[in-house]
Amino acid sequence: MARTVQDQKIGSRDARGKLAASGKPYYRALDPGLHLGYRKGSAGGKWVMRWYVGGGEYKVETIATADDKADADGVAVLDFRQAQALIREKNVEYSRVAQGLPAKKDGPYTVRACLDEYLAYLDSEKKSGRDARWRADALILPQLGELLCADLSTKTLRSWLNNVAASPPRLRSRKDAEPRYRDIDKNDAEQRRQRRATANRTLTILKAALNRAWREGKIASDDAWRRVEPFEEADAARVRYLTIDECRRLINAAEGEFRDLVRAALATGCRFGELAALQVRDFNPDAGTLHIRSSKSGKGRHVVLHDEGIELFKRLTAGRPGVELILRKADEDRWGKSNQTRPMSEACARAKIEPPANFHALRHTWASHSVMAGAPLLVVAKNLGHADTRMVEKHYGHLSESYVAEAIRKAAPRFGITDDQSVRRIA
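Residues numbered from 1 in each chain as written. Predicted model: local features only at pLDDT ≥ 70, side-chain atom pairs only at ≥ 80, totals over all residues. Heavy atoms only, no water.

### Structural notes on the overall build of the protein
Our working rule: Helix and strand definitions here come from DSSP, where helices need a minimum of 4 consecutive H or I residues and strands a minimum of 2 consecutive E residues; each element is numbered from the N-terminal end. For this analysis, residues touch if any pair of their heavy atoms sits within 4.5 Å.
Looking only at helices and strands, the protein features 15 helices and 10 strands. Counting only contacts in the protein whose residues sit at least 6 apart along the sequence, the fraction spanning at least 24 positions is 54%.

Take a look at the structure:
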């Protein structure tokens, strides 16, 4: 059994009572690369686990409430010794998962263990696991996490899916804060569609994790989830895109460095995160392209620019070192997650764009106008970073059809034959 360490600062309730409240935890090393932390707040303290994952990076996780005000119960409220034991146990589990093994040796194979393995697989493959991890923590594990995969039934999974669709959307909050929810109108058809779309996307993640475990022989049958169907017509939202006039007004209304960010989005169709990561060396003025080094799919691509886009990026990169970020905030800092939300909302208000558009609508705007101008769907898909045309057909196919109809009406032969105006239809 591992030795229990002692610490004068966080080892006892009395010692912790003398510490100042701090958002940054007080840490105590347990083993190489493994630390127990104590984060003190106004309402009491939390035990925090920090462990080394390689490449100079650590991960941090809040594991339990400290016994500052309530006596330790060994489950939700832990004393210093119990917190050490739990952290060491979790460290072993995470190490096993990183190696593709069940979290607990010869232990029951739960939905939580299955998802842990799948998320570790996403991380190792450098795919986008952030959304999958959030959905697992918020929407899957609270209801299904401790169930054995072998005991899952179609009825249980359908009930879970319906509960996700009926639950209100969560609002953004701090990691350790109590979750907050947005009020919804249950009679609003669009809000109902959005919640069902969220449930469908979460079901896709759960099925992917279970299917991977089933293919590896860790689950005997896939019958339970194979029979669970997603909600129909939940993903049929009409794509919001701006008109050319709205785009001009938005650019004029955007201020400072955010205006360059808006123009870059409209010139490329790139995602916000892709634009924020662009370096000067990623722009090739001779070829008129941008190199997106890593995208949502984990693969890079080259985005072709039109004349306006080439001139924009020539200006933004002129005389600057290759490793500098092309697009930065006014304080020279990098555009971070959600930094675009407020300036986008303010620019829409000044431009009188109703309803206001989010930043991702600029990607839809580029794609929509490209399709309406006659660009082949495969070309649009490649520039957007999609592997094939399925997503483009789903979101923009109707625009392509309208372009075809307009082109036919314009180019189809006419024979100069007029109807005899003396003939009238008898009612």
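### Some remarks on the environment of histidine 360
Mapped onto the secondary structure, histidine 360 falls in the loop between α12 (341–351) and α13 (361–372). A C-alpha to C-alpha distance of 9.4 Å links histidine 360 and tyrosine 241, two positions 119 residues apart in sequence.

### Observations concerning the pattern of salt bridges
Convention followed: What counts as a salt bridge is simple: a side-chain nitrogen of Lys or Arg found within 4 Å of a carboxyl oxygen of Asp or Glu. In this scheme, a residue with accessible area under 20% of its type's maximum is buried, one over 50% is exposed, and one in between is partly exposed, where area comes from a 1.4 Å probe on protein chains only.
By the definition in use, this model includes 22 salt bridges. Between lysine 314 and glutamate 311 there is a salt bridge, with the nearest N and O atoms lying 3.9 Å from each other. Of this pair, lysine 314 and glutamate 311 both sit in helix α11 (residues 307–317), 3 residues apart, roughly one helical turn. Here arginine 328 ties to glutamate 332 by a salt bridge, and the two come within 3.0 Å at their closest N and O atoms. We classify arginine 328 as partly exposed; its relative accessible area is 23%. By sharing partners, the salt bridges in this structure join Glu117, Arg212, Glu216 and Lys218 into a single network.

### As for the packing of aromatic side chains
Heads up, the rule is: Aromatic rings from Phe, Tyr and Trp, with only the six-membered ring used for Trp, were paired whenever their centres fell within 6.5 Å, and each pair was classed as stacked if the ring planes differed by under 30 degrees, edge-to-face if by over 60, and tilted otherwise. Only when the NZ atom of a Lys or the CZ atom of an Arg is both within 6 Å of the ring centre and within 35 degrees of the ring normal do we say a charge sits over the ring.
The tally for this structure, following the rule as stated, stands at 9 aromatic pairs. With centroids separated by 5.2 Å and ring planes inclined at 65 degrees, the aromatic side chains of tyrosine 52 and tyrosine 58 adopt a geometry described as edge-to-face. Consider the rings of tyrosine 118 and tyrosine 121, whose centres lie 6.2 Å apart with planes at 35 degrees: the pair is tilted. One end of the pair is tyrosine 118 and the other is tyrosine 121, both in helix α3 (residues 111–124) and 3 residues apart, which spans about a single turn. Taking the relative accessible area as the measure of exposure, tyrosine 118 reaches 14% and is therefore buried. On the basis of relative accessible area, tyrosine 121 is assigned to the partly exposed category, the value being 26%. Joined through ring pairs, the aromatic side chains of Phe258, Phe272, Trp335 and Phe359 make up one cluster. Here arginine 50 stacks its cationic end above the ring of tyrosine 58, 5.2 Å away from the centre of that ring. Note that arginine 212 overlies the ring of tyrosine 121, its terminal NZ or CZ placed 4.2 Å from the centroid.

### Focus on the packing of helix α4 (residues 130–144) against helix α5 (residues 154–166)
Rules: Fitting a line to C-alpha atoms yields each axis, with helices limited to the stretch in contact; the angle taken between N-to-C directions then spans 0 to 180 degrees. What sets the label is the angle itself: under 35 degrees gives roughly parallel, over 145 gives roughly antiparallel, 65 to 115 gives roughly perpendicular, and the rest give oblique. Each crossing is labelled by how the near helix is turned from the far one, with a counterclockwise turn of less than a right angle marking it left-handed and a clockwise turn marking it right-handed. Amino acid classes used here: Ala, Val, Leu, Ile, Met, Phe, Trp, Tyr, Cys and Pro are nonpolar; Asp, Glu, Lys and Arg are charged; the rest, including Gly, are polar.
Contact pair α4 / α5: the axes reach a minimum separation of 11 Å and the direction vectors enclose 140 degrees. On the basis of their axis angle, the class for α4 and α5 is oblique. Here the hand of the crossing between α4 and α5 comes out right-handed. Contacts between α4 and α5 involve Leu139, Ile140, Gln143 and Leu144 from the former and Thr156, Leu157, Ser159, Trp160, Asn163 and Val164 from the latter. When grouped by side-chain class, the residues that make up the contact of α4 with α5 number 6 nonpolar, 4 polar and no charged.

### Looking at the pairing of strand β1 (residues 26–31)
What counts here: At least two bridges found by DSSP between two strands are what make those strands a pair.
Where β1 meets strand β2 (residues 34–41), 5 bridges bridge the pair, whose relative direction is antiparallel. Its bridge partner lying in β2, alanine 29 is registered against histidine 35. Between the antiparallel neighbours β1 and β2 lie 2 residues, among them glycine 33 with a positive phi of about 80 degrees.

### Overview of the packing of α3 against α4
Close contact between α3 and α4 brings their axes to 11 Å; oriented N to C, the two are set at 175 degrees. Between α3 and α4, the angle falls in the class roughly antiparallel. Contact with α3, carried on its side by Val111, Arg112, Leu115, Leu119, Leu122 and Asp123, involves Ala132, Arg133, Ala136, Ile140, Leu141 and Leu144 of α4 and no other residues of that element. Its residues assigned to classes, the contact of α3 with α4 comprises 9 nonpolar, no polar and 3 charged.

### A closer look at α11
So the rule is basically this: Working definition: the arc comes from the directions between the helix axis and the C-beta atoms, pointing outward to the latter.
Within α11, burial applies to Gly309, Ile310, Leu312, Phe313, Leu316 and Thr317. Looking straight down α11, one finds its buried side chains confined to an arc of 160 degrees; they lie on one side. Looking at α11, the residues exposed on the side facing more than 90 degrees away from the buried face are Asp307 and Glu308. Residues of α11 that are buried in the fold lie against α9 (256–268), β8 (283–284) and β9 (289–292). In the segment just after α11, glycine 319 is the residue with positive phi, at about 70 degrees.

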